[in-house]
Amino acid sequence: MLSIRRVVKSFDSRPGGSVPVLAGIDLDIASGEFFCLLGGSGCGKTTLLNILAGFEAPSAGEISLDGAAINGAGPDRVVFFQNADAALFPWLTAEENVAFGLRIKGMGEAACAPIAEQWLRLVGLWEHRGKFPQQLSGGMKQRIQIARGLAIDPAMLLMDEPFAALDAITRRLMHAELLRIWSATSKTVVFVTHDVAEAVILADRIGVMTRGPSARIKAVIPVELPRPRDPGHPRFAEAYGRIEALLMPEAQA
């Protein structure tokens, strides 16, 4: 579904020169796959996600989605940000936030209503449809952000550490919620994280990135564990240890 070939990214630096961020990324992601990009801070995970979203252009290389080149942002890809407070409109209710993308597409209120209800029910927030973002918990805000993105029926969900600001218990609950939604929708997900356990809990495969600058994909690790995944299970610990062993040399470099 998603093809990334020889992608390079550098940013201009002043005075003169450039800063190399990504150095030759090659990756294929299948339709319906849950793929995690894992690496330390500053390794270029978010830069690569922004390129997939069309927010940034690669300095070199090619990216295509279902055979069509990605040359900018589009409704076939939706980005979910770490800070749901910044992503939601505080003057709109939960239902109005979910319907916002549909209204932008030109749909009338009557046509938007059943679609917004469908996704609010899927994320378990229909009873909170009349509340404003400031009346919702952090986890509920993230679920509203997810419902709003799903409402426009994108092919791919691009998630940039969406649960990083949540407490540990809420984060675990959101992992289960996201996997439930993913299972129900069969959407393709690219999920950025620096948390090894989070990646092992969520992913079909994990792309482990090298330390920046000039980062690349060091290894792609399949996670062959049945869901739901128990962090206390010996096979979970084995997968965690294998991935941590790939990351430790990068952190110590």
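Remember, predicted model here, so these are calculated numbers, not experimental data.

K.L.:
When you look at the side chain of Glu-177 in this model, what are you seeing that I'm missing?
P.N.:
Inspection of the secondary structure assignment puts Glu-177 in helix α6 (residues 168-185). Classification of Glu-177 as buried rests on a relative accessible area of 15%. With residues near it in sequence (within four places) discarded, Glu-177 still touches Leu-122, Val-123 and Arg-143.

K.L.:
Would you mind showing me how to read the environment of Ser-41 here?
P.N.:
Here Ser-41 shows up in the loop between β3 (34-38) and α1 (45-53). Between the alpha carbons of Ser-41 and Phe-55 there is a distance of 20 Å; along the sequence they are 14 residues apart.

K.L.:
Which parts of the structure should I look at to understand the packing of aromatic side chains?
P.N.:
The geometry of two aromatic rings is summed up by the distance between their centres and the angle between their planes. Applying the stated rule across the entire model yields five aromatic pairs. The interplanar angle of 50° and the centroid separation of 4.5 Å between the aromatic rings of Phe-89 and Phe-100 together place this pair among those described as tilted. Of the two residues, Phe-89 sits in the loop between α2 (84-87) and α3 (94-104) while Phe-100 sits in helix α3, which places them 11 residues apart along the sequence. Judged by relative accessible area, Phe-89 falls into the partly exposed class, the value being 22%.

K.L.:
What am I meant to see in the sheet that holds β3 here?
P.N.:
Taken in spatial order, the six strands make up an open sheet running β6-β7-β8-β3-β9-β10, and their pairing is mixed. Taken across any chain shown, the strands that pair with only one partner, and hence form the sheet edges, are β6 (77-80) and β10 (217-222). Each strand of the sheet is rotated relative to its neighbour by a mean of 15°, with strand direction disregarded. Packed on one face of the sheet, helix α5 (residues 138-151) meets β6 and β7 (156-160) and runs near 170° to β6.

K.L.:
What is the right way to read the pattern of salt bridges from this model?
P.N.:
Charged atoms that come close allow side chains of opposite charge to pair. As enumerated under the stated definition, the model contains 10 salt bridges in all. Measuring nitrogen to oxygen at the nearest pair gives 2.4 Å for the salt bridge that ties Glu-33 to Arg-205. Placement of Glu-33 in the loop between β2 (18-29) and β3 and of Arg-205 in strand β9 (residues 205-209) is noted, with a sequence separation of 172 residues between them. Judged by relative accessible area, Glu-33 falls into the buried class, the value being 8%. Between Arg-180 and Glu-177 there is a salt bridge; the shortest N-O distance is 2.5 Å. Within this pair, Arg-180 and its partner Glu-177 are both found in helix α6, separated by three residues, close to a single helical turn. By relative accessible area, which is 37% here, Arg-180 ends up partly exposed.

K.L.:
Is there a simple way to explain the packing of helix α4 (residues 109-122) against α5 in this structure?
P.N.:
Two numbers describe a pair of packed helices, the interaxial angle and the distance between the axes. Running from N to C, α4 and α5 point in directions that differ by 135°, and their axes come no closer than 9 Å. Accordingly, the angle class assigned to the pair α4 and α5 is oblique. Considering the relative orientation of α4 and α5, their crossing is right-handed. Contact with α4, carried on its side by Ile-115, Trp-119, Leu-120 and Leu-122, involves Ile-144, Ala-147, Leu-150 and Ala-151 of α5 and no other residues of that element. Here the residues of the contact of α4 with α5 sort into eight nonpolar, no polar and no charged.

About the cut-offs
- Residues numbered from 1 in each chain as written.
- Predicted model: local features only at pLDDT ≥ 70, side-chain atom pairs only at ≥ 80, totals over all residues.
- Heavy atoms only, no water.
- Helix = DSSP H or I, 4+ residues; strand = E, 2+ residues; numbered from the N terminus.
- Buried < 20%, exposed > 50% of the residue type's maximum accessible area, 1.4 Å probe, protein only.
- Contact = heavy atoms within 4.5 Å.
- Phe/Tyr/Trp six-rings, centres within 6.5 Å; stacked < 30°, edge-to-face > 60°.
- Pairing = 2+ DSSP bridges.
- Axes fitted to C-alpha atoms, helices over the stretch in contact; angles between N-to-C directions.
- Salt bridge = Lys/Arg side-chain N within 4 Å of Asp/Glu carboxyl O.
- Parallel < 35°, antiparallel > 145°, perpendicular 65-115°, else oblique.
- Left-handed = near helix turned anticlockwise from the far one by under 90°.
- Nonpolar A, V, L, I, M, F, W, Y, C, P; charged D, E, K, R; others polar.

The analysis is restricted to geometry; functional conclusions fall outside its scope.
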